[in-house]
Each structure stands twice: as structure tokens, then as C-alpha cells.
Amino acid sequence: MELFPVYSLYPVEPVRGRGSYVYDSEGTEYLDLYGGHAVISIGHAQPTYVQAIADQVSRMGFYSNSVENSLQQKLANMLGRISGYDDYSLFLINSGAEANENALKLASFHTGRNRVLAFQKAFHGRTMGAVGVTDNPAINAPLNAQSHTTFVPLGDLEQVERELATGEYCAVIIEGIQGVGGIQIPDDNFLRELRRLTTQYETCLILDEVQSGYGRTGRFFAHQWAGIRPDLITMAKGMGNGFPIGGVLISPMFQARTGMLGTTFGGSHLACAAAIAVLQVIEEGKLVDNALEVGNYLMERLHQLPQAKDIRGRGLMVGFDVEGSASEVRRRLVLEQHVFTGGAGQHTVRILPALNVGKKEIDLFIERFNNLTI
Ligand code: PLP
């Protein structure tokens, strides 16, 4: 049986990893500044994490959500304390798209409304509801629910207010920083105004922190730079360092009803053990601070590269443009210089390393990027 072709692949197969490096079966080392779509938050094969998963699976890997699971409460307590959201509640699922699906559903149940305001270039996932608020016609099938969505330009408060004033919207959904859209950072003041308008028009504010959250920008969540508190916060990617887990943080204003939300795999023993180990490593290693420090250093060094244009980002969520095709530059970085980076659109290179990446890796990246004659 053949695999259904989904991505265009590099002819490289990493078979093991350590920190910010991965290796193929011949032992060739690759510098990983992408973490497989921003997933690797604490580095490959981090020892505390490996041990926690091994210990947990040898005792109890999974039992359904019909019985008590104190690991879920332990994870919620840690997450509440570290993120500053200990008065919110946590719903656990398996991916970013699922997190957004459930947040949208909660907003609709809560308000009784069925329209969503989203932003141009937004990416919120590929399942029905999530893709319906994603601004990319190429990945929306005719069955997807885009008729419920209005897309407005990021930063356009007038249009936001005009739409919300209709009273039809259950939610505004926005990424902490647009990732797939090319590292577009919403202005802090725009986020504060969005918070004010959503409150005024009784619309739920959903912050999609699937990519920008979990310490990546030098705050636990990117929106915390603006000092706002959304009604719903979605997360995934870095939460499990590769083990599939996602979550929705839900403000106290939402009423729970048994059976309203549910999941088979979400919050399994193994997923919780992985996520607890991730938080422990983030906290003990002060990795949120490291993300800010090394991220600032990366931006500084990128400014010394004449090939890097329009450098933008916060912490370790950084993008820059190249003149030609970014996918060609990234392909050559992998094959000729043994460096993994991410892309967005035609010209943008995205850098999303593990939060414990060092300045040494940044220097290595700059050196290898300079070796490319572009
Ligand atoms: N939201 C954002 C901001 C993302 O970047 C992504 C994935 O790239 C998703 C949601 C979807 O996450 P997943 O692929 O885990 O469903």
C-alpha cells in the first residue's frame, strides 16, 4: 500500500535526536531550528521527559475519561500556576485543530449565536470547524463551514466593530502571532481594543496559542504581552514535545454541562505524564526567559545577514523574507547545510526552535546561512 501524498518531502530521514539536533541513520547531524512545526519545545529526547513517559507507560498508558485521573488535575494545577490562569478550567484533547473546534463550540453554546469573526491569513487547523475559520480557500472543501465566517484584515478595528455590532457573532478567533500566515504580530493595542469590543458586544474572544503559546515568545502566551485575558485559549504543539496533546483554557464565565464536550483519547495518562514533564523542564530550566534572550540574540544576528529582509518576531517565533523562493532556500539549507527551518508563503523563512536552544546554535545557523550563495 502506498502512503497518500500529503507534503513534499526532503530526502532525509531523522532517526534519532538530542536537544536541537537530529541525526539520520548514517549519523549525519542536522541543526533543527523548526522542531517539526514548532512542536519540539524542550528539545529532542530530553531525559526527564523520556523517563516520565517510560515510567508512565509501564504503569498505565491509558484509561477512558469515565474514571478519575489525578494526572489531569496535576497538569491543570501546574498549567494554571505557570501560565497565570489558575482561575480558568482545562479541557484536554489531542491537537490544535481539536482545541479550536471545542473553543468555537463553547462560544456558540454560550452565546447561542453562529457567526465567527476571523482574520485574513489566519490558520486554525484542518478539521471542519477549524478550517472554516482558516483563510485559505485551497484547503477548504465545499462541505466546510466558511459561510459562518467573516474574515477581516488583521488590525482593522473599524471593520471588527462594524461586524460585532450586528450581534450575530459568537466568537472572534485570533492567533497570538500568525504563524502559517508568515509571522504577523497583532499590535498589543489592537488586542486590547479587541478585548474591549468583544466584551462590549458580548462575543467570546478566542486566542489561538497553538503555535505562539507555551513560552515561545518570552511570555507563557503571546497575548500576555498585551496584558489581556481572553475567554478561551487554545494550545497544542509545544505542550507535549511531540506527544499529541492539546488543551482549551476556559474562563469561569462558561457553564459546564455533562456531555457537552467529550473525547476518547484526550487527557490520557501517557499524554498527561508527557505534558507534566514538559512543564517541569520549562519551569526548572527557566525556558520562557531563555526563549526571550536567545530570540533577541537571533533577531540581532539576523540583522547582520544582508539576505534577510523584514525580520520580525517575538522570542523564538521569528520570520524573515528572502528575495527568491523561500522553499528553495530552505531545501538548500537542509541538503547543503544540514539545517531545518520552516516556511510560510512564497518568501518567508520561519525559525521556531526548541525553547532551550542556545546562542551557539544561532551562531551556527548564521554561519551556515552565510555559506549559501543566494
Ligand atoms: N492553530 C495554529 C495557530 C496552528 O499553527 C496550527 C497548526 O499549524 C493549528 C491551529 C492546528 O494544529 P494541529 O495541526 O495540531 O491540528
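**What about a nonpolar patch on the surface?**
Part 1: Where nonpolar side chains cluster on the molecular surface, the patch consists of Phe4, Val6, Tyr7 and Leu9 and spans about 580 Å² of accessible area.
Part 2: Tracing the backbone shows Phe4 in the segment before β1 (16–18).

**Considerations on the site of the ligand**
Part 1: Contacts to the ligand come from Ser95, Gly96, Ala97, Asn100, Phe123, His124, Gly125, Glu175, Asp208, Val210, Gln211 and Lys237.
Part 2: Ala97 has a polar backbone atom sitting 2.8 Å from an oxygen atom of the ligand.
Part 3: Here a nitrogen atom of the ligand and a side-chain polar atom of Asp208 are 2.7 Å apart.
Part 4: Across the complex, the protein chains shield 80% of the 390 Å² of accessible surface that the ligand would expose by itself.
Part 5: Class assignment of the residues belonging to the shell around the ligand gives a composition of three nonpolar, six polar and three charged.

**Things to note about the packing of helix α2 (residues 47–59) against helix α8 (residues 269–284)**
Part 1: For the pair α2 and α8, interaxial distance at closest approach is 9 Å and the crossing angle is 155 degrees. In terms of their interaxial angle, α2 and α8 are classed as roughly antiparallel. Handedness of the crossing formed by α2 with α8: right-handed. Of the residues in α8, those touching α2 at Thr48, Tyr49, Ala52, Ile53, Gln56 and Val57 are His269, Leu270, Ala273, Ala274, Ala277, Val278, Gln280 and Val281.

**Examining helix α7 (residues 188–200)**
Part 1: Here α7 is 13 residues long and its end C-alpha atoms lie 19 Å apart, about the 18 Å a rise of 1.5 Å per residue gives.
Part 2: Within α7, the full set of buried residues consists of Asp188, Phe190, Leu191, Leu194, Arg195, Leu197 and Thr198.
Part 3: Among the structural elements, β5 (115–119), α6 (157–164), β7 (169–175), β8 (204–208) and β11 (309–314) are those in contact with the buried residues of α7.
Part 4: At the N-terminal boundary of α7, the capping side chain belongs to Asp187, with an oxygen 3.1 Å from the backbone nitrogen of Asn189.
Part 5: At the C-terminal side of α7, Glu202 shows a positive phi close to 50 degrees.

**Thoughts on the packing of helix α3 (residues 70–83) against α8**
Part 1: Across the interface, α3 lies against α8 with an axial gap of 9 Å and an inter-helix angle of 30 degrees. As judged from the angle between their axes, α3 and α8 are roughly parallel. Crossing geometry of α3 relative to α8 is assigned as left-handed. Residues Leu71, Gln72, Lys74, Leu75, Met78, Leu79, Arg81 and Ile82 of α3 form the contact with α8, whose own contacting residues are His269, Cys272, Ala275, Ile276, Leu279, Gln280 and Glu283.

**Quick look at the pattern of salt bridges**
Part 1: All chains considered together, the criterion is met by 13 salt bridges.
Part 2: The shortest N-O distance in the salt bridge between Arg115 and Glu168 comes to 4.0 Å. Taken together, the residues span a long stretch of sequence, with Arg115 in strand β5 and Glu168 in the loop between α6 and β7 at a distance of 53 residues.
Part 3: On the basis of relative accessibility, which here comes to 18%, the residue Arg115 falls in the buried class.
Part 4: Overall, Glu168 belongs to the partly exposed group, its relative accessible area being 42%.
Part 5: Residue Glu361 is joined to Lys360 by a salt bridge in which the shortest nitrogen-to-oxygen separation is 3.9 Å.
Part 6: Glu361 gets classed as buried once you look at its relative accessible area, which sits at 9%.
Part 7: Via salt bridges that share partners, Asp310, Arg312 and Asp321 belong to a single interconnected network.

**Some words on the state of the cysteines**
Part 1: Enumeration over the complete set of coordinates arrives at zero disulfides.
Part 2: Cys170 takes part in no disulfide bond, and the closest cysteine sulfur, belonging to Cys204, lies 6.8 Å away.
Part 3: Given the relative accessible area of 2%, Cys170 is considered buried.

**Some words on the sheet that holds β11**
Part 1: Reading across from one edge, β11-β12-β15-β14 is the order of the four strands in this open sheet, with antiparallel pairing throughout. On the outer flanks of this sheet lie β11 and β14 (342–344), each paired with one strand and no other. When strand polarity is set aside, the average angle formed by the axes of neighbouring strands in this sheet is 25 degrees.
Part 2: Bridge count for strand β12 (residues 317–321) against strand β15 (residues 348–351) is four bridges, and the pairing is antiparallel. Its bridge partner lying in β15, Gly319 is registered against Arg350.

**A short note on the sheet that holds β7**
Part 1: With mixed pairing, the seven strands of this open sheet are ordered in space as β4-β10-β9-β8-β7-β5-β6. At either margin of the open sheet sits one strand with a lone partner, and together these are β4 (89–93) and β6 (149–152). Going across the sheet, the axis of each strand differs from the next one's by a mean of 20 degrees, ignoring polarity.
Part 2: Along the sheet face, α6 touches β5, β6 and β7 and points at about 160 degrees away from the line of β6.

About the cut-offs
- Residues numbered from 1 in each chain as written.
- Predicted model: local features only at pLDDT ≥ 70, side-chain atom pairs only at ≥ 80, totals over all residues.
- Heavy atoms only, no water.
- Patch = residues over 30% accessible without salt bridge, like charges linked within 9 Å, V, L, I, M, F, W, Y side chains within 5 Å.
- Areas by Shrake-Rupley, 256 points an atom, 1.4 Å probe, with all protein chains shown as cover.
- Salt bridge = Lys/Arg side-chain N within 4 Å of Asp/Glu carboxyl O.
- Helix = DSSP H or I, 4+ residues; strand = E, 2+ residues; numbered from the N terminus.
- Near = heavy atom within 4 Å.
- Polar contact = N/O pair within 3.5 Å; in protein donor to acceptor, adjacent residues only side chain to side chain.
- Nonpolar A, V, L, I, M, F, W, Y, C, P; charged D, E, K, R; others polar.
- Axes fitted to C-alpha atoms, helices over the stretch in contact; angles between N-to-C directions.
- Parallel < 35°, antiparallel > 145°, perpendicular 65-115°, else oblique.
- Left-handed = near helix turned anticlockwise from the far one by under 90°.
- Contact = heavy atoms within 4.5 Å.
- Expected span 1.5 Å × (residues − 1).
- Buried < 20%, exposed > 50% of the residue type's maximum accessible area, 1.4 Å probe, protein only.
- Disulfide = S-S within 2.5 Å.
- Pairing = 2+ DSSP bridges.

Everything listed here is a matter of geometry and, on its own, says nothing about what the molecule does.
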